[in-house]
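Chain residues, written in single-letter form:
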Amino acid sequence: MLLWVILAALTAVVLSFLLYPLVVGREVVNERDAFDAAVYRDQLDEIEADRARGLIGDAEAEAARLEVARRLLAVDEKNSDASGEGSRGLLPRAALVLVVACLPATVLGAYLYYGSPQLPDQPLAARLTDPGQETDIGVLVARVEARLRAFPDEGAGWDAIAPIYLSGRRYADAAEAYRQAIRLLGPSAKRLSGLGQALVLEQQGLVTEPARIALEEALKQDETLIEPRILLAIAKEQEGNFDDALADWRGLRDARQDDERWTSMVDARIANAQARKSGEAPAAVSPLTPQAGPSAADVAAAQNMTPAEREAMVDQMVKRLAARLETNGDDLPGWLRLVRAYTVLGRSEDAKKALAQAKDLFAGNAQAIKQLDTLAADLGLTS
Amino acid sequence: MIAETGHYALILALGVAIVQMVLPIIGTRFNDPRLAAVSVPAAQLQFILIGIAFAALTVAYVTSDFSVLNVWQNSHSAKPMIYKISGVWGNHEGSMVLWVLILALFGAAVATFGSNLPRRLRANVLAVQGSIAVAFLLFIVMTSNPFLRVDPAPFDGNGLNPVLQDPALAIHPPFLYVGYVGFSMAFSFAVAALIDGRIDAAWARWVRPWTLAAWMFLTLGIALGSWWAYYELGWGGFWFWDPVENASFMPWLAGTALLHSALVMEKRDALKVWTILLAIITFSLSLMGAFLVRSGVLTSVHAFAVDPARGVFILGIMAVFIGGSFALFAWRAPLLSQGGLFAPISREGALVFNNLLLTVSCAAVFVGTLYPLALEAVTGEKISVGAPFFNLTFVPLVIPLLLAVPFGPLLAWKRGDLLAVAQRLTVAAVVSLFAIIVALAMYQSGPWLAPLGIGLGFWLIVGAATEIATRSKLFQASWQESWRRMQNLPRASYGTALAHAGVGVMVLGLVATTAWRSERIEALAPGGTVDIAGYTLTFKGVKEGQGPNYKELVGVFDVTRGGQPVTTLIPSKRSYAVENSATTEAGIYNAWGGDLYVVLGDPLKDGAHTVRVYFNPLVRLIWLGPLLMFIGGGVSLTDRRLRVGAPKRAKQKSEPVMAPGK
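What you see is a predicted model, and the numbers here were worked out from it, not measured in a lab.

## Section: the overall build of chain B
- Looking only at helices and strands, one finds 23 helices and 10 strands in chain B.
- Taking all 662 residues of chain B together, 60% fall into the buried category.

Structure follows, in structure tokens:
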């Protein structure tokens, strides 16, 4: 609304100043000769002054004076010839009406065509400090990211953005944000737990060494946290340490006895762990973490096998993958999977060899090398 | 709201410009003073409105309002404040707004300070000025609108070409534009005179201050651009005969000719038709410069064809204004009264000689600039016309011109005495001969033409001083008498002498730098040294640095001369992350004797780097000369004679007209 008031006022002021001469005009238009004569008189004065100062000789001055005087005379003659011309009253009035009627309408029309009157100004500083206006999560994230680019040492920003990354499935970014927050604000249980979750989810459910350390630290600081305990229990299952895993699950079950959905879910995990411990076929397990990686069918199949069979199947899969990469090495995700698989199987020498091979293959590709290095670091293969 | 107000003000300015174009012409045609008088507030309001638009755009840049498309495309939140501001005109749309702002500034100046002009002439001049504004405002609103918005607003901008993030670049376009656009004033005066069918000595007197002001700023703008190229582009050159440079140089040559021919017209009532033609040509060349730079035709004729909207629009503007004014000229010029004849040996004769050579050299530059474009358009073949062409065409034309410069101011009007003038210039001749001999003795290895160039420079400088000395009877009359005369000399004489001496100073710099520049390109490991022109540079190694929006690799060089430490130079290579590009910053040690210019090249193995070192003798004079020309123009502009008084009765009447504007 204010915009329209400003634009209307601007138009009104401009029109009134612009058209003022049409309302209070003057007569007499042909003054050209008077102006010409003024110039020539000035020139005569200059010639006289130059001569007085001795800048030009007498003869020179006289010649120049004659010439200018001739021009002056010519003007005076014309001046006496000039007949007076009158003004036509109709013309200014017509012009006035035409301009008042057409100018604002045309300008407004053009403005509405090209302009965006509904859009407010959005200076950056205001957008950063006034989050109320923005609703788009992407813009909010972009805002904090821009802020963090400019001030990378603002821990609060990293702290705020990390859980958003985590829930937005940007696990690598989340892990990095948690790391920065921990660096700047110190390790809190919440941040360590978040870092652990991000690392696990980034590795598609595999609890790597750095993740385990972070989760244990988190738990040390705050024993009531649930997420680290779940992930650590899963870690123990992954290591084949089912006794400890079962103890953890039971502890978890007791933590929230009155929540039926919770207890039934944990009971399922307990049953699963027990079945796997004894080598029996486990019951169906409700996933606690988003599943990625091997297809659900593969997992289900694997869970229905005896440990020996399962090991054989995994071995078979790894061998197939290795053979495929041997003939067609241009498959970065394949190499990443192979390195990870060797590590899980405890064949760290093979993992290192595969890693070295992959790095040779992707030597020109900085992006790939970076991914390989990150994986190696996460799996503890670098040392 | 600020951005939208700016947008509306810009469109309203277009509306006002249309009124300014139409009503005054009708007024003068039908002898209605009221309609003619509308031209004054129209010109003033137009300036205020475009000022509002420009200010609004600047605010959007300063506050990083990325909801404005133009800001998003050309700015970035991490950019230093000065480059956020210069970013306003560092892009196509914003620079066009600056263009019309300056156009409106000149119009408003004529409206406000032009009370010495006959009403009729002023109305016509402002109407023509208004028509130029209409064309360019239409161009901006329709094809290059800086106020288009983005919704939702992106979070950060795309940056600004890092090469353009530089103080000299930040200020040189405004100067250039004042020059380019200022010549529109001469154009408007010329077309107004043609419309009116009346032109006389008084006209020349009225048009000269505007032409002089435009010429001054164009001179400084070109010099600043050249200075920028010198230290930013990283190879120590100062003039490349690049089409963009030529685009500003051609109006300068034609404008210089115009300045001198208007002088003849004022004093002798002669060369009238020629002066009108020059005024039209000068502004046409300015328009052509705008077309060359703005249409993208320079990058490639084909790039122009791919996105022709803007180029075709400017081409249309050129066709209308150049074609229209030449047609008007062909129709009306024969009706103009011719001036008197004059003898070849006279001040006016010398000025005609000046005009002849300036216009022909301008034509040479024109051919060298446009021929490659025409060839590419017709045959698709890309050729580049560089320094060799211009050295063979432009330079031989300019040398006789420069030789003649000292004669002009010393010759009398009407009938000059060449012999007497030659006698007065004996001192200048002796001094330049001496300079030639000294230069020959110092640089015996050639190039052989260079000492003659040095002589030419001294000839111009001492020749300019001779005029002042002659007119104040220095060494002839007593000291007191000479001093009194010096004080009484019109300021225009000092202006002329300063500007002509400035040309000489520039010639000295050009010749010395071109002929005796030394250059070393070496691979230096840390600790390595280079000797050049008596200086010894020791490479201390490189270090990394962090600027506001770039990272840089800085080379450190200790400079000594005869064992004495002189300075430390730190050339660097900057990389700008946002724009993903890099610039080279030369390390320059400025001294009157010449510049030491170091560029850090690519890294080699073991911490060594390619290093280019130049010594440019007297290079500073290249820009000092134009500065002197600028100052000379300013001194002339303050001369009483260029501030012509209005006739008494009109002065009293001018007050009520101005009242609403106050």
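## Topic: a nonpolar patch on the surface
- On the surface, Met1, Leu2, Trp4, Val5, Ile6, Leu108 and Leu112 of chain A together with Met1 of chain B cluster together into a nonpolar patch covering about 750 Å² of accessible area.
- Counting residues per element, the ones that place at least two in the nonpolar patch are α1 (2–23) and α4 (90–114) of chain A.
- Among the elements that take part in the nonpolar patch, α1 of chain A stands out by supplying four residues, more than any other.
- Its place among the elements puts leucine 112 of chain A in helix α4.

## With respect to the pattern of salt bridges
- The tally for this structure, following the rule as stated, stands at 20 salt bridges over all chains.
- Two residues, aspartate 153 of chain A and arginine 183 of chain A, come together in a salt bridge whose shortest N-O distance is 3.4 Å. Of this pair, aspartate 153 of chain A sits in the loop between α6 (137–150) and α7 (155–167) while arginine 183 of chain A sits in helix α8 (residues 171–185), and the two are 30 residues apart along the sequence.
- With relative accessibility at 55%, the residue aspartate 153 of chain A sits in the exposed group.
- Residues lysine 540 of chain B and aspartate 558 of chain B are paired through a salt bridge, measuring 3.8 Å at the closest nitrogen-oxygen approach. Of the two residues, lysine 540 of chain B is situated in strand β3 (residues 535–546) and aspartate 558 of chain B in strand β4 (residues 551–561); the sequence distance between them amounts to 18 residues.
- Taking relative accessible area as the criterion, lysine 540 of chain B reaches 51% and is therefore assigned exposed.
- Look at aspartate 558 of chain B and you get partly exposed, because its relative accessible area is 26%.

## Describing the environment of leucine 402 of chain B
Residue and element names in this part refer to chain B.
- Inspection of the secondary structure assignment puts leucine 402 in helix α15 (residues 387–404).
- Counting along the chain gives 48 residues from leucine 402 to asparagine 354, while the straight-line C-alpha distance between them is 9.0 Å.
- Setting aside its immediate chain neighbours within four residues, leucine 402 contacts Leu456, Trp459, Leu460, Val503 and Val507.

## Notes on helix α11 (residues 272–294) of chain B
- Taking 1.5 Å as the rise per residue, α11 of chain B with 23 residues should run 33 Å; its terminal C-alpha atoms sit 33 Å apart, in good agreement.
- In terms of residue burial, α11 of chain B counts as a mostly covered element, since 19 of its 23 residues are buried.

## As for the nonpolar core
- In terms of nonpolar packing, the biggest core is built from 182 residues, with Leu18 of chain A together with Trp99, Phe136, Leu137, Phe189, Trp203 and Ile276 of chain B touching the most fellow members.
- Considering each element in turn, this core owes the most residues, 15 residues, to helix α8 (residues 167–196) of chain B.
- If we skip the residues at most four places from it in the chain, isoleucine 276 of chain B touches Ala190, Ala193, Leu194, Ile199, Trp203 and Phe329 of chain B.
- Within the second largest apolar cluster, 30 residues are counted, among which are Leu148, Ala214, Ala218 and Ala235 of chain A.

## What about unusual backbone geometry?
Residue and element names in this part refer to chain B.
- Look at serine 64: it is not a glycine, yet its phi comes out positive at around 50 degrees.
- Despite not being glycine, tryptophan 241 has its phi angle at roughly 50 degrees, a positive value.
- If you trace the backbone, tryptophan 241 turns up in the loop between α9 (201–232) and α10 (243–268).
- When its relative accessible area of 11% is taken as the criterion, tryptophan 241 is described as buried.

## Some thoughts on the side chain of threonine 275 of chain B
All names here are of chain B.
- Counting through the fold element by element, threonine 275 comes out in helix α11.
- We classify threonine 275 as buried; its relative accessible area is 0%.
- Discounting residues that sit within four places of it in the chain, threonine 275 has contacts with Trp203, Leu258, Ser261, Ala262 and Met265.

## Section: the pairing of strand β2 (residues 529–532) of chain B
All names here are of chain B.
- Here β2 shows one buried face, formed by Val530 and Ile532, and one open face, formed by Thr529 and Asp531.
- Inspection of the sheet shows β2 paired to β3 by four bridges, in the antiparallel sense. Following the sheet pairing, valine 530 is matched in β3 by leucine 537.
- Counted between consecutive antiparallel strands, the loop separating β2 from β3 contains two residues, among which alanine 533 sits at a positive phi close to 45 degrees.

Calculation rules
Residues numbered from 1 in each chain as written. Chains lettered and ligands numbered in written order. Predicted model: local features only at pLDDT ≥ 70, side-chain atom pairs only at ≥ 80, totals over all residues. Heavy atoms only, no water. Helix = DSSP H or I, 4+ residues; strand = E, 2+ residues; numbered from the N terminus. Buried < 20%, exposed > 50% of the residue type's maximum accessible area, 1.4 Å probe, protein only. Patch = residues over 30% accessible without salt bridge, like charges linked within 9 Å, V, L, I, M, F, W, Y side chains within 5 Å. Areas by Shrake-Rupley, 256 points an atom, 1.4 Å probe, with all protein chains shown as cover. Salt bridge = Lys/Arg side-chain N within 4 Å of Asp/Glu carboxyl O. Contact = heavy atoms within 4.5 Å. Expected span 1.5 Å × (residues − 1). Core = buried A, V, L, I, M, F, W, Y, C linked by side-chain atoms within 4.5 Å. Pairing = 2+ DSSP bridges.

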